[in-house]
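# Structure at a glance
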Amino acid sequence: MNKPIIEFKNINFSYDQEDELILKNVCFSINEGQYVCLIGHNGSGKSTIAKLLCGLLNYQDGEILINGIKLNDENLEALRKDIGIVFQNPDNQFIGSTVEDDIAFGLENRCIEREKMISLVHDFSKRVGMENFLSKQPEELSGGQKQRVAIAGILALDLKIIIFDEATSMLDPQGVEEIRKLVFDMRKKDPKLTFISITHDMEEAYLADKVICLKDGEVFLNDTPENVFKHEEELKSIGLGLPFIVKIKNDLLKHGIKIDENIKNIEDLAGFLCK
Amino acid sequence: MQIKGFNIKYIYNENSIDRSTALNGVSFTFNQGDFICIVGKTGSGKSTLVQTLNALLLPSEGYVNIDEFFITGNKKLKKELLKKKDKKQKKDNKNYSNLRKKVGLVFQFPEYQLFSNSVINDVMFGPLNFGFSKEEAKTMAIKALSDVGLNENYYEKSPFLLSGGEKRRVAIAGILASNPEVIVLDEPTAGLDNKGKVEIMKVLTTLNNLGKTLIVITHDMSVVQNYAKTVIVMSEGKIVHKTIPDKLFDEVDLEEYSLEVPLFIKFKKLLKNNGFEGNLEKISSYQDLIDEIIRIKGSKLNG
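So, a few notes on the structure that sits alongside this text.

The next point concerns the nonpolar core. With 123 residues, the main nonpolar core has F164 of chain A together with F267 of chain B as its most contacted residues. Other than its neighbours up to four places away in sequence, F164 of chain A contacts V86, I151, L155, I179, V183, F195, I196, S197 and I198 of chain A.

Structure (C-alpha cells):
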C-alpha cells in the first residue's frame, strides 16, 4: 500500500504571527497503513503537527492533504471523522462523568446505535483493562488509568488515522506493553489503519515503518528506523539516544566486532555472539 | 531528620463496598540525606505511601513519625501517641500545616498545575500561602529558581511558553521555595526527553548534595541506577525489597513485579541462555557487559 494518506507540504506555523516559527517548511508524507513515529526534543514541534493534523490548529502557510484532499475549514468536520488523537494529559480529555460515559462519548457523537455502543464500550474497556472500573469517576482513577480510558475511547471509533501523543506516558512498563500489543493487533486486523506515535521511546521508534525526527521545528530526518539511527551524533546533539540493539552493535563495531546486518533484535544478537 | 513508618495501613473508601486496601502494613526508616527511589507497578501503593508522608492521606492504621509530627487517621492511636506531649506539639499535629513546610510533595506532571502569568508569581504562591510577606516570598522564590537552574531571565516569562523540562523545573521550584527538608516527587522524569530528564535529575542530585532527603517514585530504571542511594520495591501494598541500586538487578526478579527490566539485563540473560562463554556473573552495568563481550569475542578476532 503506497497511497499517501497524510501529506504536509511546506507548512510554516506560529501561534502568533510575531512569534518565532514553531514549524519551518515542514514536508513529509505518510502512507495508508503505516506506523510512523514522530521523535524530537521537547518543544521541537511534534505536538503542533498532531494538532494541525486533526484541525485543532489552523494553518495559514502551506498545505495539508488528508487522503489527497486539502484540509480546509469547509471539509474539516468531515475529514476529522476519520482521525483520532490521544493526548498526553488525560485530564484534558476526560469528558464523561464516569469511565463508561467517557468511552461512549465519541460513539454517541457518531450516532452509533445504542446496543452496538454498549457492546463497543464493554469490548474496548476490557481491551485496555478497565472493565472493572466502568462506573468510576475520573477523580477515583490514577493518571495511567485515565490514559487507558482515553485510549479506549479513541480505539473504539473505527478510525482511519490514530495519533498517540505520548498517550502512555503515565503507564508502567507492563501497561505500555499491553497497549502496544493492542495497537499491533488492531493494525493486523485492519492493515489500512494508519498509526502515528509521538514518543520519546527509541525502542518503540525502532519498530516503526518510518521515523520522522524534528529539530527546532524542522524535519531533520525522515526515513526507515534503520537509516535514521545511523545518525548517532546528530541525534545525540538534540538529546536523543539510540535503540539498544543499534547502540550495542555500534559499540561492538568500534572494537572490531562486526555484527551481521540482518540482526535486528537482541534475541538474534545473543545467538550470533554465542556461535 | 528521620522519617519512620510504623505498620501503616491505608484503605480507600473504608466504609463502602468499594473499599480497597492500598497499603497493607508498611514499616520503614528513611534517613536524612538519603536519595530513595520507590518502584513498583501501578496500584502497588507507591503514591498512597508518599502522600501519607505529608499527611495528605492519613493512615487508617499505624502512623508516620517525622520529628514532632505523628501522622495517622486513627484517632485512638493519635491520642495515645500525643498523650505525654506538650501543647505546641499537640497543636502542630492538629492540621499538619507546619509539617508541609518540612515535607514538600511534587505530584506527577506538576506543570499541569502551573497557573500564574509569570514564573516568579507561580513560585511565590507557596510561600505566600504559608503566610510569608511578599518580599520574603520573592526572596524565597528567587533562591528556589536558582536551585533549579533558572535565572532572572525567566522570572517574568509565562510558564506556559517554556519547554517541558523548564516547566517542570518551575513546578519543582514552587515546592522548593518553602525550603522543605524532604522533597517527595512522583514520576519526575515522565514525559520528558532525555535532555529534560538529565536536567531534572541534575537538579535533584544538587538538592540531595545540599542535604535534602529525596524520595522519588519512578518507573525509570536508569533513574534508579544512576541517581538513587536506596531503592524500595513495592507490591500489593507492601514493601517487598529494600536494597542499593547495584544489587537490585541481581537480588530482585524485576519481571515478577512488572518492573522494567533494563535491556542490558535482558540481553545478559539471553547470552547466558545461549551458553555465552564469558563470565556474566558480576555484570551490573551496560559497560561491564560490553567489556566482557569484547574480552571474549575481541580476543578471538585478534587471536
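Now for helix α7 (residues 164-176) of chain B. Residues and elements named next belong to chain B. With 13 residues, α7 should reach 18 Å at 1.5 Å per residue; the first-to-last C-alpha distance of 18 Å fits that figure. Of all 13 residues in α7, eleven are buried; the element is thus mostly enclosed. Looking at α7, one finds that the buried residues are G164, G165, E166, R168, R169, V170, A171, I172, A173, G174 and L176. On its buried side, α7 packs onto β6 (103-106), α5 (119-129), α6 (134-147), β7 (182-186) and α8 (194-209).

What follows covers the side chain of T243 of chain B. Residues and elements named next belong to chain B. With respect to the element layout, T243 can be found in strand β10 (residues 238-243). Looking at T243, its side chain comes within polar contact range of the side chain of E251, at 3.0 Å. When sequence neighbours within four positions are dropped, the list of residues in contact with T243 reads K229, T230, V231, L248 and E251.

This part is about the sheet that holds strand β10 (residues 218-223) of chain A. Residues and elements named next belong to chain A. Judged by pairing direction, the sheet is mixed, and its six strands sit side by side in the order β6-β7-β8-β3-β9-β10 without closing on themselves. This sheet does not close on itself; its edge strands, each paired only once, are β6 (83-86) and β10. Taken over all neighbouring pairs, the strand axes of this sheet differ in orientation by 15° on average, direction set aside. Where helix α5 (residues 143-155) meets the sheet, it contacts β6 and β7 (161-165), and its direction lies at approximately 175° from that of β6.

This part covers the pairing of strand β3 (residues 35-39) of chain B. All names here are of chain B. Among the five residues of β3, five are classified as buried, and the element is accordingly described as predominantly covered. Judged by which residues are buried, β3 turns out to be covered on both faces: F35, C37 and V39 on one side and I36 and I38 on the other are all buried. One ladder, built from four bridges, connects β3 with strand β8 (residues 213-217); its direction is parallel. Paired with C37 across the bridge in β8 is V216. Bridge analysis of β3 against strand β9 (residues 230-235) gives four bridges, and the strand direction is parallel. Counterpart to V39 in the pairing with β9 is V233.

Frequently, the measure chosen for interface size is the accessible area removed from exposure when the parts meet. Listed per partner, the contact involves 34 residues of chain A and 34 residues of chain B. For chain A, the biggest contributors to the area lost against chain B are N42, F244 and L273 of chain A; these three give 18% of the whole. Along the contact surface separating chain A from chain B lie zero salt bridges. The interface formed by chain A and chain B holds six residue pairs in polar contact (both at pLDDT 80 or more) in total. Mapped onto the side of chain A that touches chain B, the elements with two or more residues apiece are α6 (173-189), α10 (244-254) and α11 (266-273) of chain A. Per element, the largest residue contribution to the side of chain A that touches chain B is six residues, and it comes from α11 of chain A. Of the residues in the side of chain A that touches chain B, the class split is twelve nonpolar, 13 polar and nine charged.

If you walk through the whole model with that rule in mind, you get 14 aromatic pairs over all chains. Relative to Y63 of chain B, the ring of F6 of chain B lies with its centre 4.6 Å away and its plane at 20°, an arrangement referred to as stacked. Residue F6 of chain B is located in strand β1 (residues 3-12), and its partner Y63 of chain B is located in strand β4 (residues 61-66); the two are separated by 57 residues in the primary sequence. Residue classification places F6 of chain B among the partly exposed positions, given a relative accessible area of 34%. Seen in terms of ring centroids, F109 of chain B and Y112 of chain B are 5.2 Å apart; in terms of plane orientation they differ by 10°. Their pairing is stacked. Judged by its relative accessible area of 1%, F109 of chain B is buried. A connected cluster of aromatic rings, assembled from ring pairs, spans Y35, F164 and F195 of chain A. The ring of F124 of chain A is capped by R127 of chain A, whose NZ or CZ atom sits 4.5 Å from the centre of that ring. The aromatic ring of F220 of chain A is capped on one face by K215 of chain A, whose charged end is 5.0 Å from the ring centroid.

The rules behind these values
Residues numbered from 1 in each chain as written. Chains lettered and ligands numbered in written order. Predicted model: local features only at pLDDT ≥ 70, side-chain atom pairs only at ≥ 80, totals over all residues. Heavy atoms only, no water. Core = buried A, V, L, I, M, F, W, Y, C linked by side-chain atoms within 4.5 Å. Buried < 20%, exposed > 50% of the residue type's maximum accessible area, 1.4 Å probe, protein only. Contact = heavy atoms within 4.5 Å. Helix = DSSP H or I, 4+ residues; strand = E, 2+ residues; numbered from the N terminus. Expected span 1.5 Å × (residues − 1). Polar contact = N/O pair within 3.5 Å; in protein donor to acceptor, adjacent residues only side chain to side chain. Pairing = 2+ DSSP bridges. Axes fitted to C-alpha atoms, helices over the stretch in contact; angles between N-to-C directions. Buried area = accessible area lost by both parts, 1.4 Å probe. Salt bridge = Lys/Arg side-chain N within 4 Å of Asp/Glu carboxyl O. Nonpolar A, V, L, I, M, F, W, Y, C, P; charged D, E, K, R; others polar. Phe/Tyr/Trp six-rings, centres within 6.5 Å; stacked < 30°, edge-to-face > 60°. Lys NZ or Arg CZ within 6 Å of the ring centre and 35° of its normal.

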